[in-house]
Amino acid sequence: MNKEDRHYAMHFGGAMIAYSLVLVGSITAIRNGELSGWSAGLASLTPLIPAFFALRVFMLHFRRLDEFRQRLIAESILWATGIVGFACFAYGFLAGAVELPEIGLIWVLPSICGVFGIAHAILYWQANR
């Protein structure tokens, strides 16, 4: 792993640790009844702050990459958003026709991230075989 990748891993990992801690803290405060109304609403949004920093770290890292790696990441993101977007679209059509359980919007971004990882691994493998 080169210096830039280590720098990215350290800062992205730090943002994810901060996200996890803030998430647990906000959920705990809300569930314990320490917060209610607008204060609970604001507390529920606090995990977005370290998540935004993780996104910023990712974007800065992306800009530093060579064209090949940028292309792989960009194509992986396209595949991920397309697959998750079409899955949501299909689920919406199905939910209009038959009774299905509701799925919260909170799962869209983690789904995109997960599918991105799978797509990136596949595209990287294809490019290097």
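See above for the structure.
Below is a summary of the structure that appears in this document. What you see is a predicted model; the values in this text were computed from it and never measured.

Conventions and cut-offs
Residues numbered from 1 in each chain as written. Predicted model: local features only at pLDDT ≥ 70, side-chain atom pairs only at ≥ 80, totals over all residues. Heavy atoms only, no water. Core = buried A, V, L, I, M, F, W, Y, C linked by side-chain atoms within 4.5 Å. Buried < 20%, exposed > 50% of the residue type's maximum accessible area, 1.4 Å probe, protein only. Helix = DSSP H or I, 4+ residues; strand = E, 2+ residues; numbered from the N terminus. Contact = heavy atoms within 4.5 Å. Salt bridge = Lys/Arg side-chain N within 4 Å of Asp/Glu carboxyl O. Axes fitted to C-alpha atoms, helices over the stretch in contact; angles between N-to-C directions. Parallel < 35°, antiparallel > 145°, perpendicular 65-115°, else oblique. Left-handed = near helix turned anticlockwise from the far one by under 90°. Nonpolar A, V, L, I, M, F, W, Y, C, P; charged D, E, K, R; others polar. Polar contact = N/O pair within 3.5 Å; in protein donor to acceptor, adjacent residues only side chain to side chain.

**A few points about the nonpolar core**
- Residues Tyr8, Val57, Phe58, Leu65, Ile73, Ala80 and Phe116 constitute the largest nonpolar core, which totals seven residues.
- Looking at this core, the elements with two or more residues in it are helix H3 (48–64) and helix H4 (67–97).
- If near-sequence neighbours (up to four positions away) are discounted, Phe116 is found in contact with Phe58, Ile73, Ser76, Ile77 and Ala80.

**Considering the pattern of salt bridges**
- Applying the stated rule across the entire model yields two salt bridges.
- Across the pair Asp5 and Arg69 runs a salt bridge whose closest N-O atoms are separated by 3.3 Å. Separated by 64 residues along the polypeptide, Asp5 in helix H1 (residues 3–31) and Arg69 in helix H4 bring together distant segments of the chain.
- The salt bridge involving Glu75 is made with Arg71; its shortest N-O contact spans 3.4 Å. Of this pair, Glu75 and Arg71 both sit in helix H4, separated by four residues, roughly a single helical turn.

**Remarks on the packing of H1 against H3**
- Between H1 and H3, the least distance of the axes is 8 Å, while the angle of their chain directions is 165°. Taken as axis vectors, H1 and H3 run roughly antiparallel relative to one another. You can see that H1 and H3 cross each other, and the crossing is left-handed. Contacts between H1 and H3 pair Glu4, Asp5, His7, Tyr8, His11, Phe12, Ala15, Met16, Ala18, Tyr19 and Val22 from the former with Pro50, Ala51, Phe53, Ala54, Val57, Phe58, His61 and Arg64 from the latter.
- Here the contact of H1 with H3 is built from residues that sort into 13 nonpolar, three polar and three charged.

**Remarks on the environment of Arg69**
- You can call Arg69 partly exposed: its relative accessible area is 30%.
- Residues within four places of Arg69 in sequence aside, it is in contact with Asn2, Asp5 and His61.
- Here Asp5 takes part through its side chain, which lies 3.3 Å from a polar atom of the side chain of Arg69.

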